[in-house]
Structures are given as structure tokens and as C-alpha cells.
Amino acid sequence: MRVMAQMAMVMNLDKCIGCHTCSVTCKQAWTNRSGVEYVWFNNVETRPGQGYPRRYEDQERWRGGWTLNRRGRLALKGGGRLRKLLTIFSNPKLPGIDDYYEPWTYDYETLTSAPLQEHTPVARPKSLLSGKDMKISWSANWDDDLGGSLDHGDKDVLLAQISDKVKMEFDKTFMFYLPRICEHCLNPSCAASCPSGAIYKRTEDGIVLVDQDRCRGWRMCVSGCPYKKVYFNHRTGKAEKCTFCFPRVEVGIPTVCSETCVGRLRYIGLMLYDADKVLEAASTPDDTGLYEAQREVFLDPNDPEVVAAAEREGIPRDWIEAAQRSPIHALINTYKVALPLHPEYRTMPMVWYIPPLSPVVDVVRDTGHDAESAGNLFAAIDALRIPVEYLAELFTAGDTAPVDAVLRRLAAMRAYMRDITMGRDPDDAIPGRVGMTGEAMYDMYRLLALAKYDERYVIPTAHAEQAHGLEELATDCPLNYEGGPGMGGAGTGGGSGPFGESSGGANPIAVENFHMLRQRQTADSPVDPADKRNRVNLLNWDGKGAPAGLFPSRRETPPDDTGSEREQ
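Residues numbered from 1 in each chain as written. Predicted model: local features only at pLDDT ≥ 70, side-chain atom pairs only at ≥ 80, totals over all residues. Heavy atoms only, no water.

**Quick word on the overall build of the protein**
Quick note on the threshold: For the purposes of this entry, the term helix denotes a DSSP run of H or I that reaches at least four residues, the term strand denotes a run of E that reaches at least two, and both are numbered from the N terminus. Each residue is assigned to one of three classes by its accessible area relative to the maximum for its type, calculated with a 1.4 Å probe on protein chains only: buried under 20%, partly exposed between the two thresholds, exposed over 50%. Contact definition: two residues touch when any of their heavy atoms are within 4.5 Å. Each accessible area is a Shrake-Rupley result for a 1.4 Å probe, and residues are judged covered by the shown protein chains and nothing else.
Looking only at helices and strands, the protein features 24 helices and 14 strands. The buried share of the protein, reckoned over its 568 residues, is 53%. Considering only contacts in the protein between residues 6 or more positions apart, those separated by 24 or more positions represent 71%. As presented, the protein carries roughly 25800 Å² of accessible surface, and 50% of it is formed by carbon and sulfur atoms.

Right, here's the structure in full:
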């Protein structure tokens, strides 16, 4: 047993209202600059819908994730070293800008500087890529609230795998929102696909990052990621992806998307898992068995043997205690209400979801029956197979039994807690029907509905003695050993050979001191005026030149007139 720690997230889809606040704040924090105008590290999709980029779930086209070869061994769906070599200069398995969308702005200059006239001037849309006039025809969530579903709703990859009835009537049946970020997988196919070894998984917390100095812009990672959450910066020629806001997480602060979430639907915590079981779990022959196989990879942080093994692996004691209090462990393994997104990709994703009960409740309510009654909800779950089958395609590789079990637990919780709220004696038979006790059901309700900030985000801070490791340690994909299915060899980071660096350690990426960042984010003012001349707002830096304050100098350099030094 080789114990490792992994930061993970769970999202409760019943709470998502589709406001996109998480997307906007993430955009402002991470991709508000030239070259990544089309990039959304966090996006919110309407389901059913095509997703972003369009039809990203069609792995027969994009060839992302892993598959089992004829010998039953795990292999990249897009091919191994030889195929990568043959297509190194021409990778055909890439989404085009039309699959994403062509980003735009408006000609505000015409609008604001137009002279007084009879008709209101028009601000035409202008492409952020070419600067020319354009017609807006698609965006990151064109399916919003099932808009235009009659025209393109049948292009949803998952709907094609269910009945023809769903294609024609799904807009009358159900709808929900699905926020997505990088899955920070236990077995990331993006890392195994990278010829340069630029994508790596951090040893201490499992966050998957891109080493910008090693990246050579081959874009194999974009093809290899089945969730299409790795993007190409056409300005810098480098790959970029969600970083799980690691500078914030290192000081115990949740990610930007979680911090600003209006519905408070996100939970962040630490999971302990057995790294030696990842290969076996990812190689499970039957796709429908991958959900349970991944759950078996996770370890019980309260087990004395697991605690002892974690300490032997150098995991700090406060991290083990954080894993014991983790809401992620409770939702996945204790209450069993969280499910992985597309486990059939065999990447072992670490952003899980609580499927929505609201489509079932809405249908019951529309019929005029009591939508809080356990009997009505259980009967509706049995009868409304369309949403259950669709959710199963999304979360359990088509197996409806786990989804059915989760929806029944959520329905039982709703009915059981209504009796308590109304001052009636609770019916202990209700939790008994779903294999839970009344006490466990109340605890689950409290976590899902009433949990406070420090209960939803149990994030241990990085240790000062680990600072060097947090900056410079990089590990390979868990399956990236000699003879394994990954791109690199054991201990090379995949960076040796003609496509990457052959010597030297990984370049530092964590550039801020942990305690300084904590002080900055909890200070009354965003910047100390006395320190203003020595700071640069990297969000407004276009990558050209070296603004004053970016690098230390012995004598003070006066600010230039280009506006590179701005208030943060």
C-alpha cells in the first residue's frame, strides 16, 4: 500500500442555478489576457446539450482518454509513442475554433464617439482573433436553458446513446446545469500524451499542472484529455489548464470558483488513496465497474493502518486529520451520493458530482402530487427512466443502478427532513429503505444543506519545510513507468529525447511565499501603497518586454509611460 494525498472537489448539481459567476471570476483571475480569449478553465454547461467545446464527449472522433488493448492492457486511445511521432507536426485530433467559439468584443469606439444623430449608432461585434467584423453564431454555453434545442439538441453525444424518444422530447422532460473544471485525474491521459513531459501531477496534493518552460506546443495534451480541459495559448504557443488555484490552496484558501459560487454547491477536501491500485482500477474490464473500482482505490483515513502508512510516506499529521474531516470522503464513501464524470475514460477523475434530484421533483410537482412524499419520489424515480438513463451515461458509464441509489438517498433525505422541519415525528423507515440510519441521514442533510464555510472547504495549508518541493517536485502520470502505457520512462518525466528537455529539474511554478499570499488576501487593502512601485499586475501584462517591478533590481527603476504599472 502506497498512500498518497489528492485534493478533490464535489459539486452538488441540485444547487447550481446557472449564474456563471464561477466562470466569470475564474476568467478574470486566470485567462483575462491575450491568447486565451476563448479559454474557460471553468465553464457551466446546460444539460442536455453539446458541451464545450462542441461534442467533446465524442471520443470516437477526438480519441481522448484511455482504452484497453487486445491484451487487456491500458493504452492511450489516441495511440502511443509511434503514432505520436508520426503525427507530431500535424495533429488532426484537435477541436477547431468553431468547436469552441470565435471570441469577440464590440466596436465601442463607434458607439461612444459617434456624433449626435437621429438613430442610435450600432456597436458591431469584432473578432478578438482577427479584429474584423463577425457574425456571432456560437459561444461557450449556446445551449443555455435549452435555447435552440429543437435545432441542435439532438447533437448531444449522450442522447444518441439512449432512445429516440429522448431526442424529440427531452426539452419537456428535464434540464440541469453542469459546471466543469479540470478533473485533476489520478491517471491523467493528458500527462501521458505529452511528448515533452510538460504536464505533471504534483506528488504532495495531486494537482495537475503545466510546466510552461518545458511545453513545446505539440498540443498532444489537448487531444489526450477526454474532457478537453487543456487549451492552447495561440499567443505564447504553450498549453494552459485549470491549476486548481494552487497558490490559494497552498495557504488554505478555496479555489476562486468555489469562493465565489452563489449556490455554495462546491466542496473541497483531501482524499487518501492507494497509488498501487490505480493501474488495476483503471484496467477494470467492464466500463460499468469503473465507478466502484475507483471507490476502492480511496482509503479510509480513520483506519489506523492507513494512518501509519500515510505517516511513513511523509504525509503530515495535520493533512491526515484534514482527510479525516474531508467532506469529499464523506460524500463519496460514507454517504455514497457523489459520482465521477465519465469514468469510462479511465482517467480516474477527482472532481465528482451529486446528480440532481430536481428533474424528478419538478415532474411530480407538475402532476399536482406531493413532491416531498417519499412514496411519490421513489415511484417517480422508477417511472422517469429518461433522466436516470441520461445521468447514468454522464456519471456511471450507462449503469443506472448507482444513479438510482443516489437519487433514492436524496429523495429519502428530503422526505425524512420535512417531517422534522414540520415538527412531526420522523419516520425511521424512510432512511432504512435506502440503507441508512436516521442519524446518518441528518448528518448528510447538514453537510448538503447547512454546512458552514470551514466544513465545505477543509484545505490543509502547505508546510514551510515543503516549500522547495511544492515549487520544484514533479511526478509523472501514475502509469508512466518503464514499459507502462504513458509517454515517458521511469523517472524521466517524459522529458528526455528529441521532444523535450533531457536534463535539469522542473522549473519553479509556485512563485509566491505562502504566508505573504495569505496576508495579501486577508488584508484590508489590496496593495500596500508603499510597496506599489515594486509590484506588477500580471493579469494586465501582455507578455511583451519586462515591466518595471517584474524583476528585482539594485536601483529603483522609474515607471514607464505604457501603463505597465497599475494598481492591483
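**Regarding the confidence of the model for the protein**
This is how it is decided: pLDDT measures the predictor's confidence residue by residue and takes values from 0 up to 100.
In this model, the protein carries an average pLDDT of 82, and 77% of its residues clear a pLDDT of 70 or more. Confidence drops under a pLDDT of 50 for residues 471-476, and excluding neighbours within four residues, the segment shows 20 contacts in the predicted structure. Under a pLDDT of 50 for its full length, residues 487-514 has, in the predicted model, 76 contacts with residues more than four places off or in other chains.

**Some remarks on the environment of Ala411**
Residue placement: Ala411 occurs in helix α19 (residues 400-421). Distance from Ala411 to Glu372, taken between C-alpha atoms, is 7.9 Å for residues 39 residues apart in sequence. If near-sequence neighbours (up to four positions away) are discounted, Ala411 is found in contact with Leu357, Leu377, Phe378 and Ile381.

**Here we look at the packing of aromatic side chains**
As a reminder of what qualifies: Any two of the Phe, Tyr and Trp rings considered here, Trp counted by its six-membered ring, make a pair once their centres fall within 6.5 Å; the pair's planes then place it as stacked at under 30 degrees, edge-to-face at over 60, or tilted in between.
Following the criterion strictly, the structure yields 18 aromatic pairs and no others. Ring plane angle 65° and centroid distance 4.9 Å describe the contact between Tyr38 and Tyr100, whose orientation is recorded as edge-to-face. A residue pair is termed long-range when its members are at least 10 positions apart, and Tyr38 in the loop between α1 (21-30) and β2 (43-47) and Tyr100 in the loop between α3 (81-86) and β5 (104-106) qualify at 62 residues. We classify Tyr38 as buried; its relative accessible area is 7%. Take Tyr100: its relative accessible area is 4%, and that puts it in the buried class.

**What about the pairing of β2?**
Applicable threshold: Should DSSP find at least two bridges between two strands, the strands are regarded as paired.
When you tally the buried positions in β2, you get 5 out of 5 residues, the bulk of the element. Along β2, one buried face is formed by Asn43, Glu45 and Arg47 and the opposite face, lined by Val44 and Thr46, is buried too. Note: β2 against strand β7 (residues 176-180), 5 bridges, orientation antiparallel. Bridge assignment links Asn43 to a residue of β7, and that residue is Arg180.

**So, the side chain of Lys77**
Within the secondary structure layout, Lys77 lies in the loop between β4 (74-76) and α3. Residue classification places Lys77 among the buried residues on the basis of a relative accessible area of 18%. Contacts of Lys77, omitting those with residues within four sequence positions, involve Gln59, Glu60, Arg63, Gly64, Gly65, Trp66 and Thr67.

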